[in-house]
Every structure is written in C-alpha cells, then in structure tokens.
Amino acid sequence: MSFGKFFSRGRKEQQVTERMADHIDLLCEACAIFHQCLVSEDRRLARKVPDMEREADVIRREIVSTIYAGAFLPYLRPDLCRFVSLVDEVFDLLQETANIFVYRTVPESLKGECIRVALLNLRMCELLRITYGAMLEGADLKEKKLGLRIYEKKIDDIKYGLLRDMMEIEVDNFWQGRLLGEFIDNLTGISDKIEDASDHLDVLNVSMR
Amino acid sequence: MKLTEFMTTKIEYIDPDATVYDVVERMVDRRIRSLVVRSPNEKDGHGVITARDVVFKVLAKGIDPSQMRADELASKPLFCIDEEASLVDALEVMEQHNVARIFVCQGGHIAGVVAMMDIMWAVLILRARGGHVFR
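Criteria and thresholds
Residues numbered from 1 in each chain as written. Chains lettered and ligands numbered in written order. Predicted model: local features only at pLDDT ≥ 70, side-chain atom pairs only at ≥ 80, totals over all residues. Helix = DSSP H or I, 4+ residues; strand = E, 2+ residues; numbered from the N terminus. Buried ≥ 20, exposed ≤ 12 C-beta atoms within 10 Å, placed from the backbone. Contact = placed C-beta atoms within 7 Å. Nonpolar A, V, L, I, M, F, W, Y, C, P; charged D, E, K, R; others polar. Pairing = 2+ DSSP bridges. Right-handed = clockwise from strand over helix to strand, strands pointing away.

I'd love a proper account of the overall build of chain B, names of residues and values included.
Of the regular secondary structure elements, chain B holds six helices and six strands. Along the chain direction, N to C, the helices and strands of chain B fall in the order α-β-α-β-β-α-α-β-α-β-β-α. Principal axes of the C-alpha set define a box for chain B whose edges measure 55 × 30 × 30 Å. By the burial criterion, 25% of the 135 residues in chain B qualify as buried.

Give me the lowdown on the interface of chain B and chain A, citing residues and values where you can.
With 14 residues of chain B in contact, the opposing surface of chain A contributes 15 residues. For the side of chain B that touches chain A, the element with the highest residue contribution is helix α6 (residues 116-129) of chain B, accounting for six residues. Split into classes, the residues belonging to the side of chain B that touches chain A amount to five nonpolar, three polar and six charged.

Please give an account of the sheet that holds strand β2 (residues 34-37) of chain B that cites residues and values.
Strand order in the open sheet formed by three strands is β1-β2-β3 (chain B), and the pairing between neighbours is mixed. Pairing within the sheet leaves two strands with one partner each, and these edge strands are β1 (13-14) and β3 (47-50) of chain B.

For the pairing of strand β5 (residues 101-106) of chain B, give the residues involved together with the corresponding values.
Residues and elements named next belong to chain B. For strand β4 (residues 80-82) and β5, the ladder comprises three bridges, and the chain directions are parallel. Each bridged residue has a counterpart across the sheet, and for Ile81 the counterpart in β5 is Val104. A crossover connection joins β4 to the parallel β5 through helix α5 (residues 87-97); in handedness this β-α-β unit is right-handed. Across six bridges, the pairing between β5 and strand β6 (residues 109-115) is antiparallel.

Right, dumping it as structure tokens:
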C-alpha cells in the first residue's frame, strides 16, 4: 500500500510529509553550499551552514510536534521521528565540518579529493530526496538504496586515500593536526549518516506493507 | 552525469625501471588494480599495467616478477578521453579497443581513470535517480 495514498486524506499527515520533504531539500541546499564553499574557499559560505542547521532544527521540532499532535497511526510515529532525527544528524555533522573549515585551511594536496567527497555527499542527499519521494508513492526502493550504497562505497574508497595522504602532511601544532583529522572524519562520515537515514526509509516502507 | 563525477582521480605512477614485483607491491599497498608507468621520454607517452597483465602475462607464465621491468610489461598507448565526454563515449572507446579502463585527460595531463566498475556504478546511479537532473 502506498504510504502517500494511505495518509493523503489527513491534513496533519500531509503537513508532516511536506515538511519532511522540506527538511531533506534544505539538507541538499546546505550540502550544495558547503561544496561551493570548498571549491571557492569562500569561508563566508561556510558560515551559512550553521544558519541552515538552525532552520532545519525548527522544521524537525515542527514535524515531531505535528506527529505527536495526532498525525499518523501511533505505531508509525517513532519510526517517522527516528527518520527525521537521522536527517538532523546529517545536518549536525555537516555543520561541524563547516565550522572546522572556517578555522582550518584544507591543504592543497587534499583539496581535490575533499571537493569530490563534498560533491558525492550532495549527490547522496539528492538521491535520498528522490528515495523519499518514491517511498511516498509506494515505489520499490531497492534500486535507489543500491545507488546510495554505491555513493557510500565511492566515498569510503576516497577516505582511505585521504587518510593516507593526510599522514604525510606536516602540521604546525597538535590542534592544526587534530582539526584536519576531524575535518576529514566528519566530511567522510556524512555519507554514513545519509545511508542510515535511507535504511530507515526502507523500514518505514516495509512497515506499511 | 559527468564522467568526472565517477572517475578515480588518484592515479598511481611507477618508474619504468621498477620491477613487476614493485608494481604488485604497490597495487597491494594502495588497493588498486592499475598503475601508470612513467615514460622517460614524454613523446613516447605513458604506459599502463593492470592486475590482469600481471596475472596473465607474468605469473601464469611462470616469469619471476622481480626479474621483469615495468616498462617491459606496460601497455601503450594509454587510451584517453576528454573530461567532457559522456559515459556512452567512454563505453564506446572501451569496447572499440577492448580495454577495461580509460584515462580522462585534460590538456595532455591525466585527470583521472574510469574503469568498467565505475561505468557500471554510474549506470546504476542513473537508474536510481530515475532521470532526475539536478544542478
């Protein structure tokens, strides 16, 4: 049974599904801005990401409130809230990555691969949005989930090379090294969080059958 | 979808006078399946050694990899494609020359490599996206 069709009659349900789409759209926008910020090295762009994260927090609270104000059958509510929380975790990690970028320049030898990871993160968010749309229509998510896993594998491969190259970089002090390590960890960890969110979409989809 | 989104940009190079054993060691260390063999003379162009070359042309024939130079095994020339080329263009070059990987070149410089697996992944991603076109 289609998730969207099943609940389309309820105004609250409609409101929740629309806001969940807005939440993912905002994540795509934040990832695009962060990618642009790495390409252009414009740190002012990085400062926009925390603003978007706060906006996303507002959307998350609104969604959770509406759900517990009576939208959807009770057995579905925890899973819906969990999905929204997982998307929020992606936002948190993106925000931490952007905050580090404000204070820590990415070495030239790592820049190209970091930009590639940021672009793949953006593509994953876009595919997550498509997967969410497909779930609402009751479509099979198998191919979409495979696409997300492929992106994640690609980022994992790049991460291995980044860590290897990072160890050859000389740092001025402990904190510069630590910030760089955290930056790489966070940047490459975003895809894991997106994958977790997509896995949960599958849980929601299955729970409707 | 651009070819550059799916290519591998980390290209590993090895000197022509390195042994095939060095090549194997590098492949294992870096978890890669091909290496570019630098040419001492730029006009000659670089060569490439794949894991398949090592297995079929050296190991299967009982040749000691530490007694063979990398440039003796390397295939030349490298098959290059422009970075603006599509996945279909890349596939055509692969099929035409019966190679499993082609290099993405930009002004005589190697920008990346696209292997069969990358093409397969790209096609699966396109299917997953259902033709949606983003920025």
